Amino acid sequence: RLLGAGFSSIDAMLGNVGVAGINKSGTDFCSTFGRVFTRSPLSPNAPAATLDEVTAFFGKPDGALWNLYNQQLNKMISSTGITYAPTPGASVRVNQRFLQFFNRAAQFSRALYPEGAKQVPRMTFFFRAIPNPDVTRVTLTVDPTARTYASNRTGDQPFTWVGEEAQLTKLEVM
């Protein structure tokens, strides 16, 4: 419903000019979107999304998200740094809820496919265990790195997950 609402008022604004192109891009986008967002972890009881499926949607520069932007949306919304906003003077206005969705998806894409990642999902992040009297030890393993946190060692620790090389990600709480 959200995706359909994204372009719901285009017919009235454009007449029949350009609608076929927007609809074709939207159909391709929704098809790829459905393959990823009906999978785990977004749908907990479903099979896990494969890296190929995730890359087909979020990958830069060839994923469905960026294809839709490059083929259609760049006429309607433009980058304001790390977010996207309606382009001043654009002849088509994108639904605000779709724009919010697009901004979240673009942010996730940039995190998972940073510049130079060449369509290989990669994420660098910091993990900090927060002391708790009921927990004596926390071990996070993101292959091949394992770090153990105890009440006396809780600082931020860097991890890098590389999709093609991932074998094990595990959190142990004791």
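Look a little higher up for the structure.
Remember, predicted model here, so these are calculated numbers, not experimental data. (Residues numbered from 1 in each chain as written. Predicted model: local features only at pLDDT ≥ 70, side-chain atom pairs only at ≥ 80, totals over all residues. Heavy atoms only, no water.)

### Concerning the side chain of Thr139
Phase 1 of the analysis: Among the secondary structure elements, Thr139 is positioned in strand S4 (residues 137–142).
Phase 2 of the analysis: On the accessibility criterion, Thr139 (8% relative accessible area) is buried.
Phase 3 of the analysis: At a separation of 3.1 Å, a polar atom in the side chain of Thr139 contacts the side chain of Thr148. (Helix = DSSP H or I, 4+ residues; strand = E, 2+ residues; numbered from the N terminus. Buried < 20%, exposed > 50% of the residue type's maximum accessible area, 1.4 Å probe, protein only. Polar contact = N/O pair within 3.5 Å; in protein donor to acceptor, adjacent residues only side chain to side chain.)

### Digging into the pattern of salt bridges
Phase 1 of the analysis: The full count for this structure, using the stated rule, is three salt bridges.
Phase 2 of the analysis: Residue Glu53 pairs with Arg39 through a salt bridge whose shortest N-O separation is 3.0 Å. Residue Glu53 is found in helix H4 (residues 51–58), and its partner Arg39 is found in the loop between helix H3 (19–37) and H4; the two are separated by 14 residues along the sequence.
Phase 3 of the analysis: A relative accessible area of 15% means that Glu53 is categorised as buried.
Phase 4 of the analysis: With a relative accessible area of 23%, Arg39 lands in the partly exposed category. (Salt bridge = Lys/Arg side-chain N within 4 Å of Asp/Glu carboxyl O.)

### Let's talk about the packing of aromatic side chains
Phase 1 of the analysis: As enumerated under the stated definition, the model contains 20 aromatic pairs in all.
Phase 2 of the analysis: With a centroid separation of 4.7 Å and an interplanar angle of 85°, the aromatic rings of Phe57 and Phe58 are classed as edge-to-face.
Phase 3 of the analysis: What makes Phe58 buried here is its relative accessible area of 5%.
Phase 4 of the analysis: Chaining the aromatic ring pairs together yields one cluster made of Phe29, Phe33, Phe37, Phe57, Phe58, Phe98, Phe101 and Phe108.
Phase 5 of the analysis: Positioned over the ring face of Trp66 is Lys60, at 5.5 Å from the centre of the ring.
Phase 6 of the analysis: Above the plane of the ring of Phe159 lies Arg147, whose end atom (NZ or CZ) is 5.1 Å from the centre. (Phe/Tyr/Trp six-rings, centres within 6.5 Å; stacked < 30°, edge-to-face > 60°. Lys NZ or Arg CZ within 6 Å of the ring centre and 35° of its normal.)

### Describing the packing of H4 against helix H6 (residues 96–112)
Packed helices, taken two at a time, are described by the angle between their axes plus the distance between the axes.
Phase 1 of the analysis: Running from amino to carboxyl end, H4 crosses H6 at an angle of 125°, the nearest separation of the two axes being 10 Å. Relative to H6, H4 is oriented oblique. When you trace H4 past H6, the crossing you get is left-handed. When H4 is examined against H6, the residues Val54, Phe57 and Phe58 are found in contact with a partner set consisting of Phe101, Ala105, Phe108, Ser109 and Leu112.
Phase 2 of the analysis: Counted by class, the contact of H4 with H6 contains seven nonpolar, one polar and no charged residues. (Axes fitted to C-alpha atoms, helices over the stretch in contact; angles between N-to-C directions. Parallel < 35°, antiparallel > 145°, perpendicular 65-115°, else oblique. Left-handed = near helix turned anticlockwise from the far one by under 90°. Contact = heavy atoms within 4.5 Å. Nonpolar A, V, L, I, M, F, W, Y, C, P; charged D, E, K, R; others polar.)

### Here's the deal with the nonpolar core
Considering soluble globular proteins, one finds that nonpolar side chains tend to be buried as a cluster.
Phase 1 of the analysis: By size, the foremost hydrophobic cluster in this structure holds 25 residues, and its most contacted members are Leu73 and Phe102.
Phase 2 of the analysis: Sort the elements by how many residues they give to this core and H6 lands first, with seven residues.
Phase 3 of the analysis: Apart from the residues lying within four places of it in its own chain, the contact partners of Phe102 are Leu65, Trp66, Tyr69, Leu73, Ile77 and Tyr84.
Phase 4 of the analysis: By size, the runner-up hydrophobic cluster in this structure holds six residues, among which are Ala129, Val138, Leu140 and Val142. (Core = buried A, V, L, I, M, F, W, Y, C linked by side-chain atoms within 4.5 Å.)

### Comments concerning unusual backbone geometry
Phase 1 of the analysis: The residue after Lys60, namely Pro61, is reached through a cis peptide bond having omega 5°.
Phase 2 of the analysis: Turning to its location among the elements, Pro61 is positioned in the loop between H4 and helix H5 (64–71).
Phase 3 of the analysis: Cis geometry marks the peptide bond from Asp143 to Pro144; its omega dihedral reads 0°.
Phase 4 of the analysis: Of note, Pro144 is situated in the loop between S4 and strand S5 (145–150).

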